[in-house]
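# Notes for the structure review
In case you want the letters, here they are:
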Amino acid sequence: MIEDNDLYPTTFHSANTLEEAGELFNRLDNASFLSGGHTLLPTMKQGLASPLHLIDLTRITEMVGIALEGDVLVIGAATRHMSVAFSALVQKTIPALAALAGSIGDRQVRFRGTLGGSVANNDPAADYPAALLGLGATVVTNRRSMKAQEYFVGLFQTALGSGEFITQVRFPVPRDAGYAKFRGAAARYSVVGVWVTQGGADVRVAVTGAGDQGVFRHEGLEAALEQDFCAGSLESVVVQHEGLLSDLNASAPYRANLIKVLCRHAVHHMGGIFSLK
Ligand SMILES: Cc1cc2nc3c(=O)[nH]c(=O)nc-3n(C[C@H](O)[C@H](O)[C@H](O)COP(=O)(O)OP(=O)(O)OC[C@H]3O[C@@H](n4cnc5c(N)ncnc54)[C@H](O)[C@@H]3O)c2cc1C
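Summarised in this report is the structure supplied together with it. The shown structure was predicted, so the numbers you read here are calculated from the model rather than taken from an experiment.

Further remarks concern the overall build of the chain. Helix and strand content of the chain: eleven helices and 15 strands. In terms of overall size, the chain behaves like a compact globule, its C-alpha atoms giving a radius of gyration of 19 Å where 277 residues would be expected to give roughly 19 Å. The principal-axis extent of the C-alpha atoms belonging to the chain is close to 55 × 45 × 30 Å. Relative to its full complement of 277 residues, the chain shows a buried share of 44%.

Let us look at the sheet that holds strand 11 (residues 176–183). The strand order 14-13-12-11-15 describes an open sheet built from five strands, whose pairing is mixed. At either end of the open sheet lies a strand with only one pairing partner, and these are strand 14 (216–217) and strand 15 (273–276). Here strand 13 (residues 202–208) pairs with strand 14 via two bridges, running antiparallel. When the sheet's bridge partners are listed, Val207 is paired in strand 14 with Phe216. Across the face of the sheet, helix 11 (residues 252–268) comes into contact with strand 11, strand 12 (190–199), strand 13 and strand 15 while running at roughly 40° to strand 12.

This next bit is on the site of the ligand. Within the structure, the ligand sits among 32 residues, and Gly36, Gly105, Gly113, Gly116 and Gly117 are positioned closest to it. Elements that contribute at least two residues to the shell around the ligand include exactly strand 2 (31–34), helix 6 (107–112) and helix 7 (115–121). Per element, the largest residue contribution to the shell around the ligand is five residues, and it comes from helix 7. Classifying every residue of the shell around the ligand gives 15 nonpolar, 13 polar and four charged.

Basis of the calculations
- Residues numbered from 1 in each chain as written.
- Predicted model: local features only at pLDDT ≥ 70, side-chain atom pairs only at ≥ 80, totals over all residues.
- Helix = DSSP H or I, 4+ residues; strand = E, 2+ residues; numbered from the N terminus.
- Rg over C-alpha atoms; globule rule 2.2 N^0.38 Å.
- Buried ≥ 20, exposed ≤ 12 C-beta atoms within 10 Å, placed from the backbone.
- Pairing = 2+ DSSP bridges.
- Contact = placed C-beta atoms within 7 Å.
- Axes fitted to C-alpha atoms, helices over the stretch in contact; angles between N-to-C directions.
- Near = placed C-beta within 6 Å.
- Nonpolar A, V, L, I, M, F, W, Y, C, P; charged D, E, K, R; others polar.

Structure representation (structure tokens):
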């Protein structure tokens, strides 16, 4: 039996193929998938998770890399944040996504953390979930494909089943997109982050860092921008604070105000990022 703060043996396994990762998970008792380790390892150190086996996904070649397939940008789940940030292809097709990846944490986090790890963890303050929901991305796993709106279920909750892991995320290339983020002072997660996609008549506004059920779309802001795609059209929209998080970083009313302010900044910075702090 593992007591809090006790050291205990954990065995590291490196999977080379998707099949091997699935087989290892099925065969081993109390196993966890491991990507960048920037969330899982601190969680283990705090005694909040205690897997006996870690299955590293980052050596599976199909899970690493970035490609354009028609008008869909496909990013392998084990691709690191810095690879997305520096990719000429991402910078050309969805520049705001490259900028978002470049805004995550610090260099150490960007050089180890992965798209799949972030999306699997679904921290309510993580940046990628806003881009996935805002772009209508598809999450591909070793078993199936899911639209982002089906995939994100709640705080730290996703539709992933036991033994299921993300292999890639498919982002439709939009006409334009922008992201605005109010960074937390310590780890630089989003206190609030707002992603705006302009896809012709259709506008999507996805908010991270604020919802008490995690990332969500704001219909009022979307409707106003569909009428007239300019920051001024947001003035009359009321953002309610019910259903928003209140914590040491910000109260729910403060977050409600930030959502509107950041949406305005995102519209002003289409094709890039606006970062407060
Ligand atoms: C100091 C610090 C600052 C940070 N700042 C930010 C920030 O500003 N914005 C932001 O968005 N994030 C931030 N993060 C989080 C960072 O992006 C992490 O890299 C990310 O949350 C987890 O990715 P990972 O690859 O490290 O996953 P891991 O820690 O390896 O895994 C996290 C969880 O996901 C599971 N998992 C991993 N890969 C997969 C997969 N492919 N399929 C299914 N399950 C999988 C693991 O089993 C584990 O439960 C920060 C982290 C730190 C430590």
